[in-house]
Amino acid sequence: MTGLLPPAAPAVQVSEEVARALADGRPVVALESTIFTHGLPRPRNLAVALEAERQLRAAGVVPATIGVHAGVPTVGLSTGQITELSAADGLDKVSVRDLPVVAALGRHGGTTVAATAFLAHRAGIRVFSTGGLGGVHFGASESFDESADLTALAATPVTVVSAGVKSILDIRATLERFETYNIPVIGYRTRRYPGFYVTDSGHEINFSVESPEQAAGVIEARDRLGLPQAVLIANPVDPAKQLPPEELDGILARAWAEAERQGVTGNAATPFLLDFIQRDTGGRSLDVNVEVYRGNVRLGGEIATALAGGASGASGAAAAGAAASAGAVETGA
């Protein structure tokens, strides 16, 4: 007996549009699905997901929204699939460890940064834009509560454009873990690490790039060296659109105090804290979240275009073709 999956089910489904773009060496940017399955309220979640795709297409870049639809990890969800996942209740939040489970059980799921990066790399996509990364939680020295994003990015050679890690995390400890895992963190036109809702988290980083072309150069150098780690491009939100840092400090202090009062710990802490921030700001944190995402989608498209403009476009296409011919992915509408 071969298991629950039918014999013809692909390990990873890559849409025809994405597969053609990769084969032609055109720019492609991966987008995660948890932002619209778990991160934003309805109906704004669907509007933001479709806007990101339109934004990339307008720049001549092919979007590849990634998620799990009916048990099939899919690179390049259709508009219909995005709409369906945006409206579904009880979807799984799928990290790398969960992929074989949801695939075998035929479930829908939104892919995290870790799973999206893994699937993007499997398909031959080199650039992935998201909002904020997971990282080390406060108290992790006792709870061991660290995001699987960290270990996944240590072993997945993609480029991830983000606005730093989520503000509720231990940013100092997360940066230390990036160093331990040899994951390069590069500021985009800044040496100050962004804090998602705020432009500057208060922590300095060692390197910055001033253009998409410079970022592409770093990526090319990583690939020539054969290193397995992701390159993290830290792209801060526009200072005029951030939450005022002093206000955020006060909100976080109240959020943590309320979580402690209610005994909220472990996996329940992150959604509790993010919901508290949203309610305490009257929804303004969601506006910042969307601005962060727009900026990262734009920069991801620019970096992907810079990569496609060089010899790397052909090498990336060759890698994608090799993966497909080896049976790692299956293409189709």
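Below is a summary of the structure that appears in this document. Everything quoted here is computed from the prediction, not taken from an experiment.

Some details on the nonpolar core
Alright, step 1. Ranked by internal contacts, the top residues of the largest apolar core, which has 61 residues, are V18, V75, I125, F178, Y193 and L232.
Alright, step 2. When residues in this core are grouped by element, the largest group, 6 residues, is from helix α6 (residues 113-123).
Alright, step 3. Within the second largest apolar cluster, 33 residues are counted, among which are V231, L299, A304 and L307.

Looking at the pairing of strand β4 (residues 72-75)
Alright, step 1. Both strand β1 (residues 13-15) and β4 contribute to a ladder of 2 bridges, which runs parallel. Within β4, the residue paired with Q13 across the bridge is T74.
Alright, step 2. The pairing of strand β3 (residues 62-69) with β4 spans 4 bridges and is classified as antiparallel. In the sheet register, I66 faces β4, and the bridge partner there is V75.

Things to note about empty space enclosed by the protein
Regions of empty space are outlined by a rolling probe, equal in size to a water molecule, passed over the atoms.
Alright, step 1. In this structure the tally under the stated criterion is 2 cavities of 30 Å³ or more.
Alright, step 2. Of the pockets and cavities examined, the second largest cavity occupies roughly 40 Å³.
Alright, step 3. What lines the second largest cavity is simply V48, E51, A52, Q55, V290, Y293, R294 and V297.
Alright, step 4. Among the secondary structure elements, those contributing two or more residues to the lining of the second largest cavity are α3 (44-58) and α13 (284-308).
Alright, step 5. Its residues assigned to classes, the lining of the second largest cavity comprises 5 nonpolar, 1 polar and 2 charged.

Cut-offs used in this document
Once a new chain begins, its residue numbering starts again from 1 and follows that chain's sequence as written. Per-residue local features of the predicted model are confined to residues with pLDDT of at least 70, and side-chain atom pairs are confined, for both listing and counting, to 80 or more; whole-chain, interface and lining totals are unaffected and use all residues. Side-chain metrics in this entry use all non-hydrogen atoms of the structure; hydrogen atoms and water are not considered. Definition used in this section: a nonpolar core is a set of buried Ala, Val, Leu, Ile, Met, Phe, Trp, Tyr and Cys residues joined via side-chain atoms within 4.5 Å. Buried means the residue's accessible area, taken with a 1.4 Å probe over protein chains only, is under 20% of the maximum for its type, while exposed means over 50%, and partly exposed covers the values in between. Only runs of H or I of at least four residues qualify as helices and only runs of E of at least two qualify as strands under DSSP, and these elements are numbered from the N terminus. The pairing criterion for strands is at least two bridges between them, as found by DSSP. Put plainly, a pocket is an open set of points on a 1 Å grid over the protein atoms alone with protein on both sides within 12 Å along at least five of seven lines, a cavity is a set where a 1.4 Å probe fits but cannot get out, and a lining residue has an atom within 4 Å of a point. Grid points are joined across faces, edges and corners, and a volume is the space filled by probe spheres set on the points. Lys, Arg, Asp and Glu make up the charged group, whereas Ala, Val, Leu, Ile, Met, Phe, Trp, Tyr, Cys and Pro make up the nonpolar group; the residues left over, Gly among them, are polar.

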